[in-house]
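Architecture at a glance
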Amino acid sequence: MVFGFGKSRAVEPSSEEIEIESILFQGASNGNPVDLKAHGRLTQAGLIPAKELISDALARRADMIRIDPKGRAAAVTLYVDGVPFPGTRMSSPQALAVTQMLKLLAGLSVKERQRPQSGGIHTEYKQTPYLLLIDTMPMKGGGGERLVVRARNLDQQLETPDELGFTEELRLRIREITSHREKVVLVSGPPNSGVTTLSFGVIRSIDAYLYAIFSLADFGERSITHISQQQIVEGETYDKQLARCVRSEADVIIVDPLLADDRLKMTFEYANRVCLVSEYKARDAAHCIEQLREKLGPQQVAERLGMVLSQKLIRVLCDECKQAYRPHPKLLQKVGLPPETKVLYRPPQPTAEGDMEHCHQCGSIGYYGRTGLIEAIEVSEKIKELILSGAEPRQIKSAARKEGMQSFQSDGLRLVAEGKTSLEELQRAFKA
Ligand SMILES: [Zn+2]
């Protein structure tokens with residue numbers, strides 16, 4: 001069902017008022033019917049404010065919106081490239097109407113307010129399809145519900161290794177490791193650090209024309225070309241699924257994130273006849289190795305783990321308004337940039353009178369879009385020794401750096417030197 005109430009407004013706007021381009025809600029992603037007529041009062045109170053909130057957020061390039069009820073008012077926060085900015089304040093009845101309205105549009109239960117709910121709404125804004133992921137969470141002590149909306153631009157293809165910040169050297173290493181029908185390659189990171197996007201980059205680094213890549217993973221709405229998506233036969237165990245792919249001569253198998261221990265063990269058992277690519281939840285690459293060692297034993301990890309990658313997202317300076325400056329030699333020395341560096345970039349600074357030039361592209365934030373800093377630990381002979389001897393994550397990390405493997409720090413400084421981001425942004429990302 002498509003229901004776009006493009007122009008309807010309770011009060012006609014005056015001719016001077018500029019109408020913001022409005023979003024079209026196109027149905028719940030869970031397929032539940034959305035009956036606006038049956039919820040006439042809610043629709044009257046909530047539909048227009050909900051449309052205005054989401055349209056305004058998307059116009060400002062927000063990827064996440066949060067409404068926190070706080071007594072008589074509610075705090076609205078917009079996240080642009082992962083950084084919070086305060087949105088318009090709402091009264092608590094308004095916040096309640098918007099929250100309930102978005103639940104209704106996502107095909108969720110409007111009556112249920114005590115338990116968390118999750119759903120999605122298909123939408124279109126300025127001819128671009130967006131999936132809005134809706135999550136609600138009851139506040140402690142009966143203080144209403146918190147609402148989180150994540151907007152995913154379904155047209156945006158941040159999937160090629162180049163856009164993701166993969167260096168040519170890293171791509172070559174991934175290609176080399178995944179070409180021998182053995183080893184596990186893992187992508188690890190905390191939630192919301194872009195782990196799935198990073199694993200897309202890994203998969204795209206593999207030469208799909210030379211090697212047979214099979215996928216047992218669920219990629220949701222995303223798709224990857226040149227990969228043979230395997231149908232999961234009902235009742236077939238994970239063991240049998242892997243065996244089936246191996247029989248069909250897979251070189252690389254992509255599997256869903258390794259959450260359960262038995263799947264983790266099985267994946268490593270298969271890593272002597274096929275290469276497996278997956279995700280694993282850990283703070284970073286070195287901590288991932290430590291956790292694997294505890295679960296699988298040092299021998300298995302040293303022998304069968306090929307590489308762990310991890311990612312931190314950082315903001316990219318806006319090309320329209322970034323400012324060049326000549327860095328002080330002491331600063332270069334302190335952060336570890338080459339002394340011959342002539343110019344670095346930063347967001348625009350206010351003039352002596354405190355004025356800021358307005359930038360149409362980034363709204364004067366100074367940053368536009370994000371990229372990933374990538375850290376990669378390859379299990380070399382030296383790292384193998386460290387794994388077997390029970391070394392700590394920081395020792396593994398420093399050995400990897402000494403061997404010239406890409407670290408968050410080295411990758412971040414590369415981006416600063418290239419003028420893609422600022423030292424301030426690196427500092428912020430490392431503190432977070
Ligand atoms: Zn700008």
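Residues numbered from 1 in each chain as written. Predicted model: local features only at pLDDT ≥ 70, side-chain atom pairs only at ≥ 80, totals over all residues.

**Digging into the packing of helix α11 (residues 381–388) against helix α12 (residues 393–402)**
- Direction vectors running N to C along α11 and α12 enclose 170 degrees, while the axes themselves pass 10 Å from each other. Considered as vectors, α11 and α12 are oriented roughly antiparallel to each other. Counted together, K382, I383 and L386 of α11 and Q395, I396, A399 and A400 of α12 form the full contact between these two elements.
- Taken together, the residues of the contact of α11 with α12 sort by class into five nonpolar, one polar and one charged. (Axes fitted to C-alpha atoms, helices over the stretch in contact; angles between N-to-C directions. Helix = DSSP H or I, 4+ residues; strand = E, 2+ residues; numbered from the N terminus. Parallel < 35°, antiparallel > 145°, perpendicular 65-115°, else oblique. Contact = placed C-beta atoms within 7 Å. Nonpolar A, V, L, I, M, F, W, Y, C, P; charged D, E, K, R; others polar.)

**Quick word on the nonpolar core**
- Among the nonpolar cores identified, the biggest contains 66 residues, and I253, I254, L276, I289, V308, L309 and I377 are the most heavily contacted of them.
- Here this core gets six residues from one element, more than from any other, and that element is helix α8 (residues 285–296).
- Contact partners of I377, with chain neighbours within four places excluded, come to A285, A286, I289, M307, V308, I383, I396, A400 and M405.
- If you look at the next biggest cluster of nonpolar residues, it comprises 35 residues, including F25, V76, A106 and L108. (Core = buried A, V, L, I, M, F, W, Y, C linked by C-beta atoms within 7 Å. Buried ≥ 20, exposed ≤ 12 C-beta atoms within 10 Å, placed from the backbone.)

**Overview of the domain arrangement of the protein**
- Segmenting the protein into domains produces domain 1 (24–153) and domain 2 (161–350 + 364–431).
- Computed from C-alpha atoms alone, the centre-to-centre distance between domain 1 and domain 2 is 33 Å.
- Each partner contributes residues to the interface: domain 1 has five residues there, and domain 2 has seven residues. (Domains from an automatic or database assignment.)

**A closer look at the sheet that holds strand β14 (residues 305–317)**
- In spatial order, the strands read β11-β10-β12-β13-β9-β14-β17; together these seven strands make up an open sheet with mixed pairing. In the strand order of this sheet, the two ends are held by β11 (228–229) and β17 (367–378), each with one partner.
- Bridge count between strand β12 (residues 252–254) and strand β13 (residues 275–281): three bridges; the pairing is parallel. Its bridge partner lying in β13, V252 is registered against C275.
- Sheet strands in contact with helix α14 (residues 423–431) are β14 and β17, and its direction is about 125 degrees off that of β14. (Pairing = 2+ DSSP bridges.)

**Observations regarding helix α4 (residues 168–177)**
- Here α4 has its buried residues at L170, I174 and I177. Buried residues in α4, looked at end-on, bunch into an arc of 70 degrees, giving them a common side. Opposite its buried face, α4 presents the exposed residues E168, E169, L172 and E176, each directed more than 90 degrees away.
- Taken together, the buried residues of α4 touch β9 (184–189), α5 (195–205), β14 and β17. (Arc of directions from axis to C-beta.)

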